[in-house]
Amino acid sequence: MPDHIHLCVEIVPTIAVSEFVKIVKQESSKWMKEHYEWFPAFESWGNGYAAFSYSVKDRKNVIAYIKNQKVHHQKKTFKEEYEGAMREFGLDPSKDLFLQD
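This one's a predicted model, so the numbers in the text were calculated from it and none came from an experiment.

With 18 residues, helix H1 (residues 17-34) extends 26 Å between its outermost C-alpha atoms, agreeing within 8% with the 26 Å of an ideal straight helix rising 1.5 Å per residue. Buried residues of H1: Val21, Lys25, Ser28, Ser29 and Met32, and no others. Around the axis of H1, the buried residues are gathered within 110° of arc, so they sit on the same side.

Have a look at this one:
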């Protein structure tokens, strides 16, 4: 997708999600800037991120969703998708700092 990325990862409990995301953003930024010809529009990652946990039994569904995200985004914008995920997890999108302008 042009404005976000989904990852399905398993992180050991000794690694903080924030540290994992920081390293992924740093290393992928370096790599994409080294391969500028492949990613000419890339300037940097956004400041925020969202992380949701799922049970092992849901892994196949999460991976299938990621593989088919182009289809999903023909029906919903990133914002609509994100707000829906927040509601699914019992969170109030209006109180989330990630989407605030």
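On we go.
Once that is clear, we can look at the confidence of the model for the protein. Mean pLDDT for the protein: 85, with 93% of residues reaching 70 or above. For the protein, per-element mean pLDDT is lowest for helix H3 (residues 69-75), which scores 78, and highest for H1, which scores 94.

A separate point is the pattern of salt bridges. Tallying each qualifying case throughout the model produces two salt bridges. Put simply, Arg59 and Glu10 hold a salt bridge, and the shortest N to O gap is 3.2 Å. Here Arg59, found in helix H2 (residues 59-67), pairs with Glu10, found in the segment before H1; they are 49 residues apart in sequence, far enough to count as distant. The exposed category is assigned to Glu10, whose relative accessible area is 68%. Between Glu27 and Lys30 there is a salt bridge, with its nearest N and O atoms 3.0 Å apart. Here Lys30 and Glu27 lie together in helix H1, a separation of three residues that amounts to about one turn.

Attention now goes to a nonpolar patch on the surface. Together, Ile5, Leu7, Val9 and Val24 make up an exposed nonpolar region whose accessible area comes to about 330 Å². Within the secondary structure, Val9 is located in the segment before H1.

Now for the packing of aromatic side chains. Taken as a whole and judged by the stated rule, the model has six aromatic pairs. Centroid distance Phe52 to Tyr82: 6.3 Å. Interplanar angle 65°. Geometry classified as edge-to-face. In this pair, Phe52 is assigned in the loop between H1 and H2 and Tyr82 in helix H4 (residues 78-88), connecting sequence segments 30 residues apart. Seen from their ring centres, Tyr54 and Phe89 are 5.5 Å apart, and the 85° between their planes marks the pair as edge-to-face. Highlighted residues: Tyr54 in the loop between H1 and H2 and Phe89 in the segment after H4, separated in sequence by 35 residues. Relative accessible area serves as the criterion here: at 40%, Tyr54 is assigned to the partly exposed category. An aromatic cluster is present here, built from Phe52, Tyr54, Tyr82 and Phe89 joined pairwise through their rings.

Conventions adopted
- Residues numbered from 1 in each chain as written.
- Predicted model: local features only at pLDDT ≥ 70, side-chain atom pairs only at ≥ 80, totals over all residues.
- Heavy atoms only, no water.
- Helix = DSSP H or I, 4+ residues; strand = E, 2+ residues; numbered from the N terminus.
- Expected span 1.5 Å × (residues − 1).
- Buried < 20%, exposed > 50% of the residue type's maximum accessible area, 1.4 Å probe, protein only.
- Arc of directions from axis to C-beta.
- pLDDT = per-residue confidence, 0-100.
- Salt bridge = Lys/Arg side-chain N within 4 Å of Asp/Glu carboxyl O.
- Patch = residues over 30% accessible without salt bridge, like charges linked within 9 Å, V, L, I, M, F, W, Y side chains within 5 Å.
- Areas by Shrake-Rupley, 256 points an atom, 1.4 Å probe, with all protein chains shown as cover.
- Phe/Tyr/Trp six-rings, centres within 6.5 Å; stacked < 30°, edge-to-face > 60°.

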